[in-house]
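The chain contents come next:
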Amino acid sequence: MIKNYSVLVLAVMLFSLSGMAQTDIPQKKDLKIDTANKIDDNEKPNEGTSLKIPSVVDDQPQVELDFAKRNPVKMIDDRELVQAGAGMKIDPKVGPIQPKEGSKQHFPDMYMGDVKNNGKFVGIVCRDHENVDGDRIKIYVNGDVVDPNILLTGSFKGVNVDLKKGFNRVDFEALNTGTSAPNTAQVNVYDDKGELIYANKWLLSEGSKATLIITKEED
């Protein structure tokens, strides 16, 4: 009886182990693969929300090539051209300013300093550095007039001056004050090699002089 009971227990244990073993083993299933994103050639495409851009090929613009019907290009305005400044009124009271005696508007003689140079000559040029208003000057070298009347403009004008040993005095006399006092000018001095060796400016009343000394130490 005990033997049969042992056989029965062993049978039950084997059956239990068999069931557990079958539960742990994964079941085999066939994998089915379908075609991804299958396209139906007969299906009407979805228009969606994309922008509708008009065709530039289908719509052909009509270009008018009949030049006889078009207005020709004019290089000159239909309005009558007038000279620049036409219609501008000038006050007859406007003119040269005459400084009163003792007034602060009077600009006396001025000394512009000195410069040394041993070249054979120097070039002295002047221009009106303010408003170009008709200022005129006279240039002296050692008391002799080398240019009696220079009209100052926006461009440089001047003379070449031969240098003697020692002091060479250059005077610039204001012949007028133009339409707006005082007489204004910028003066540049160049050596015989074309190098700038001096530059200055003056403010002069009519009849006043600006003096520059050029010293030559060697012949």
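In what follows, the accompanying structure is described. (Residues numbered from 1 in each chain as written. Predicted model: local features only at pLDDT ≥ 70, side-chain atom pairs only at ≥ 80, totals over all residues. Heavy atoms only, no water.)

## Side note on the overall build of the chain
Part 1: Regarding its fold elements, the chain presents 1 helix and 9 strands.
Part 2: When the elements of the chain are put in sequence order from the N terminus, they spell out α-β-β-β-β-β-β-β-β-β.
Part 3: Counting the 219 residues in the chain, one finds 25% classified as buried.
Part 4: In the chain, of all internal contacts separated by at least 6 residues, the share reaching a separation of at least 24 is 76%.
Part 5: Taken as a whole, the chain presents about 18000 Å² of accessible surface, with 55% of it coming from carbon and sulfur. (Helix = DSSP H or I, 4+ residues; strand = E, 2+ residues; numbered from the N terminus. Buried < 20%, exposed > 50% of the residue type's maximum accessible area, 1.4 Å probe, protein only. Contact = heavy atoms within 4.5 Å. Areas by Shrake-Rupley, 256 points an atom, 1.4 Å probe, with all protein chains shown as cover.)

## Topic: the pairing of strand β4 (residues 144–151)
Part 1: For strand β3 (residues 136–141) and β4, the ladder comprises 5 bridges, and the chain directions are antiparallel. Paired with Val141 across the two strands is Asp144, which belongs to β4. (Pairing = 2+ DSSP bridges.)

## A word on the environment of Phe156
Part 1: Relative to the elements of secondary structure, Phe156 occurs in the loop between β4 and β5 (157–162).
Part 2: Its relative accessible area of 36% is what places Phe156 among the partly exposed residues.
Part 3: As a C-alpha pair, Phe156 and Val187 span 31 residues in sequence and 8.5 Å in three-dimensional space.
Part 4: Ignoring sequence-local partners within four residues, the contact set of Phe156 consists of Val125, Cys126, Arg127, Gln186 and Asn188.

## Concerning the side chain of Thr211
Part 1: Looking at the element boundaries, Thr211 is found in strand β9 (residues 209–216).
Part 2: A polar atom in the side chain of Thr211 sits 2.6 Å from the side chain of Asp171.
Part 3: Excluding residues that lie within four positions of it along the chain, Thr211 makes contacts with Met110, Tyr111, Met112, Gly113, Arg169, Val170 and Asp171. (Polar contact = N/O pair within 3.5 Å; in protein donor to acceptor, adjacent residues only side chain to side chain.)

## Overview of the packing of aromatic side chains
Part 1: Throughout the structure, instances matching the rule amount to 1 aromatic pair.
Part 2: Across the ring face of Tyr140, the terminal group of Lys209 is positioned such that the distance to the ring centre comes to 4.6 Å. (Phe/Tyr/Trp six-rings, centres within 6.5 Å; stacked < 30°, edge-to-face > 60°. Lys NZ or Arg CZ within 6 Å of the ring centre and 35° of its normal.)

## Details of the pattern of salt bridges
Part 1: Applying the stated criterion across every chain, the model contains 3 salt bridges.
Part 2: For Lys116, the salt bridge is made with Glu217, and the minimal N-O distance between the two is 3.3 Å. On the criterion of sequence distance, the pair formed by Lys116 in strand β1 (residues 110–116) and Glu217 in the segment after β9 is long-range, its members being 101 residues apart.
Part 3: Take Lys116: its relative accessible area is 57%, and that puts it in the exposed class.
Part 4: Here Glu217 falls in the partly exposed class, since its relative accessible area comes to 45%.
Part 5: Across the pair Asp192 and Lys193 runs a salt bridge, and its minimum N-O distance is 3.8 Å.
Part 6: The exposure class assigned to Asp192 is partly exposed, which follows from its relative accessible area of 29%. (Salt bridge = Lys/Arg side-chain N within 4 Å of Asp/Glu carboxyl O.)

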